[in-house]
2 protein chains.
Amino acid sequence: MSAAVLFHFPFDPASRTVRLALGEARIEVAETVVRPWEPDCPLIALNPSAMPPVLQIEQGRHRLTLCEASAILGWIEDQQKSPLLLPADPRERAEARRLTAWFERRFSDEVNAVLLHERLEKPLLRLGPPEARALRDGRAALKEHLLMLEGLAGSRDRLAGRHLSQADLIAAAHLSVLDYFGEIAWASWPSLKDWYVKVKSRPSFRPLLSDRFQGLAAAAHYADLDF
Amino acid sequence: MSAAVLFHFPFDPASRTVRLALGEARIEVAETVVRPWEPDCPLIALNPSAMPPVLQIEQGRHRLTLCEASAILGWIEDQQKSPLLLPADPRERAEARRLTAWFERRFSDEVNAVLLHERLEKPLLRLGPPEARALRDGRAALKEHLLMLEGLAGSRDRLAGRHLSQADLIAAAHLSVLDYFGEIAWASWPSLKDWYVKVKSRPSFRPLLSDRFQGLAAAAHYADLDF
């Protein structure tokens, strides 16, 4: 007998990555939505970085606390009988790991830390209206990265090769948050759009489509599977 | 028959992590030192992020290019018959992954991006003298993180628990670069110093002790195993 609780924030890309991975692995978890910027956030007691996602697993009298997306993804893969998040082929495996690192580092630094800061963190933390210059910089970085992803999506079935991997999940997690805010001009990226339609249609993606951000409706096509 | 070449920059913490891991796994590689800020750096053609470390493996007619530390560490672990970089115990495994993510993200953002930028990147890129304020901020962040690591080192044999793991290697990689520049006041962190002496004495660490930074000698105790 085991029970698991996922502590997550619905618009945190790392939290979304983990929700998608748990869905793909068909691991059922209870969910606790956290607001990591609030002083009484339960993650302060669970994760030294005080950030989501955290997965807590009770197995009999034992409790396992998995902090940070990489620990949760790794644990999920450890439970599998055959490869799920990391393809068996060494080339695709390396590429899935490379792209994961790339989203965690480059994409987070150049797009999320700028564009999501303006669109998401500022309203949540009441830091005032977005700055035009930061929006412009974040959108320019996003465009450059979407161009790279369009190239990958145009030459491969999945982002890391022939098989679905954690690269698809982390990419979909990041892009779906930006998409909620209407930041992705899909018409400019036809191959990436085809890839996104496929990922968005998976059962693992369904819970993300009903996430709602305080005081802001999703972009018109956000929850539309055939946009 | 296989041959491998590691492209690395000796004072890049991610490159050092991988050199330590290859050493622990006793995987012999040829080394090519790169200078990622130079316009003709060979990594521009090998890694989309153009950054070290990159490991290229030739196996017969096949070539596998592993970009980013996480892809190389994952590949090394995939080659093992028994756990090497990630302990078998689920709790230690989760902790090794958490600490790896923590160094890649928090430590890199708050210490390296500030302190190593001033001490290492500025002289390499000829960006002028260090700024006193940035040095102060980076050192304050370092002190806070060393306090946390001192707590871990005081309560565990190794950083993630009872077994050596990639958490020890990534921590030693980061701290050893800062130590070269004389930025670690070891006397203030006795448990961490005991842990560091143990890691530094391992054969995998030996090559790092002879790295030399242009125009700057290492801190007096840098290569001393009994400091």
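Residues numbered from 1 in each chain as written. Chains lettered and ligands numbered in written order. Predicted model: local features only at pLDDT ≥ 70, side-chain atom pairs only at ≥ 80, totals over all residues. Heavy atoms only, no water.

A. Looking closely at the overall build of chain A. If you tally the helices and strands in chain A, you get eight helices and four strands. Along chain A, from the amino end to the carboxyl end, the secondary structure elements read β-α-β-α-β-β-α-α-α-α-α-α. Scaling as 2.2 N^0.38, a compact globule of 227 residues should have a C-alpha radius of gyration of about 17 Å, and chain A matches this with 17 Å. Each principal axis of the C-alpha atoms in chain A carries an extent, and together these give about 50 × 45 × 30 Å. Residues counted as buried form 52% of the 227 residues belonging to chain A. Excluding contacts between residues fewer than 6 apart, the proportion of contacts in chain A whose partners are at least 24 apart in sequence is 66%. Carbon together with sulfur atoms contributes 52% to the accessible area of chain A, which is approximately 10,500 Å² in total. (Helix = DSSP H or I, 4+ residues; strand = E, 2+ residues; numbered from the N terminus. Rg over C-alpha atoms; globule rule 2.2 N^0.38 Å. Buried < 20%, exposed > 50% of the residue type's maximum accessible area, 1.4 Å probe, protein only. Contact = heavy atoms within 4.5 Å. Areas by Shrake-Rupley, 256 points an atom, 1.4 Å probe, with all protein chains shown as cover.)

B. Region of interest: the pairing of strand β3 (residues 54–59) of chain B. All names here are of chain B. With six bridges connecting them, strand β1 (residues 2–8) and β3 associate as antiparallel partners. Its bridge partner lying in β3, L6 is registered against L55. When β3 meets strand β4 (residues 62–67), the two strands line up antiparallel, connected through six bridges. Residue pairing for β4: Q56 is matched across the bridge by T65. (Pairing = 2+ DSSP bridges.)

C. Local environment of the interface of chain A and chain B. Counting residues at the interface gives 27 residues for chain A and 27 residues for chain B. The largest per-residue losses of area from chain A upon contact with chain B belong to R97(A), R98(A) and R105(A), which jointly make up 26% of the total buried on that side. Ionic pairing is found between D78(B) and R97(A), a salt bridge with its closest N-O pair at 2.9 Å. Along the contact surface separating chain A from chain B lie ten residue pairs in polar contact (both at pLDDT 80 or more). Of all the secondary structure elements, the ones that give two or more residues to the side of chain A that touches chain B are β4 (62–67), α3 (69–79) and α4 (90–125) of chain A. The leading source of residues in the side of chain A that touches chain B is α4(A), at twelve residues. Considering only residue class, the side of chain A that touches chain B consists of nine nonpolar, seven polar and eleven charged. (Buried area = accessible area lost by both parts, 1.4 Å probe. Salt bridge = Lys/Arg side-chain N within 4 Å of Asp/Glu carboxyl O. Polar contact = N/O pair within 3.5 Å; in protein donor to acceptor, adjacent residues only side chain to side chain. Nonpolar A, V, L, I, M, F, W, Y, C, P; charged D, E, K, R; others polar.)

D. Structural detail: the sheet that holds β4(A). Residue and element names in this part refer to chain A. Read across the open sheet, the four strands follow the order β2-β1-β3-β4; overall the sheet is mixed. Strands with a single pairing partner mark the edges of an open sheet, and in this sheet they are β2 (30–33) and β4. Across the sheet, the mean angle from the axis of one strand to that of its neighbour is 15 degrees, orientation sign disregarded. On top of the sheet, α3 reaches β1 (2–8), β3 (54–59) and β4; it is set at about 125 degrees to β4, its chief contact. (Axes fitted to C-alpha atoms, helices over the stretch in contact; angles between N-to-C directions.)

E. Inspection of the relation of the copies chain A and chain B at higher detail. When chain A is fitted onto chain B, the two copies agree to an RMSD of 0.0 Å after a turn of 180 degrees and an axial shift of 0.0 Å. Viewed as a symmetry operation, the transformation between the two copies matches a two-fold axis. Ranked by how close their C-alpha atoms come to the rotation axis, the residues of chain A are headed by R105(A), at 3.8 Å. Of the interface residues in chain A, 100% have counterparts in chain B that sit at the interface too, so the contact is made through matching surfaces. (Least-squares fit on C-alpha atoms with pLDDT ≥ 70 in both.)

F. Fine view of the domain arrangement of chain A. Residue and element names in this part refer to chain A. The domain boundaries assigned to chain A delineate domain 1 (3–78) and domain 2 (90–210). One C-alpha centre belongs to domain 1, the other to domain 2, and the line joining them spans 21 Å. Counting residues at the interface gives 13 residues for domain 1 and 21 residues for domain 2. With both chains or domains summed, domain 1 and domain 2 bury close to 1,600 Å², and 71% of this area falls on carbon and sulfur atoms. (Domains from an automatic or database assignment.)

G. A look at the packing of aromatic side chains. All names here are of chain A. Applying the stated criterion to the full structure yields 30 aromatic pairs over all chains. Summarising the aromatic geometry, the rings of F11 and F181 are spaced 6.2 Å apart at their centres and angled 65 degrees between planes, so their arrangement reads as edge-to-face. You can see F11 sitting in the loop between β1 and α1 (13–24) and its partner F181 sitting in the loop between α6 (166–180) and α7 (190–200), a full 170 residues away along the chain. With respect to burial, F11 and F181 carry one shared label: buried. Note on Y196 and F205: the rings are 5.9 Å apart at their centroids and 85 degrees apart in plane angle, and the pair reads as edge-to-face. One residue, R16, lies across the ring of F11, its end atom 5.1 Å from the ring centre. (Phe/Tyr/Trp six-rings, centres within 6.5 Å; stacked < 30°, edge-to-face > 60°. Lys NZ or Arg CZ within 6 Å of the ring centre and 35° of its normal.)

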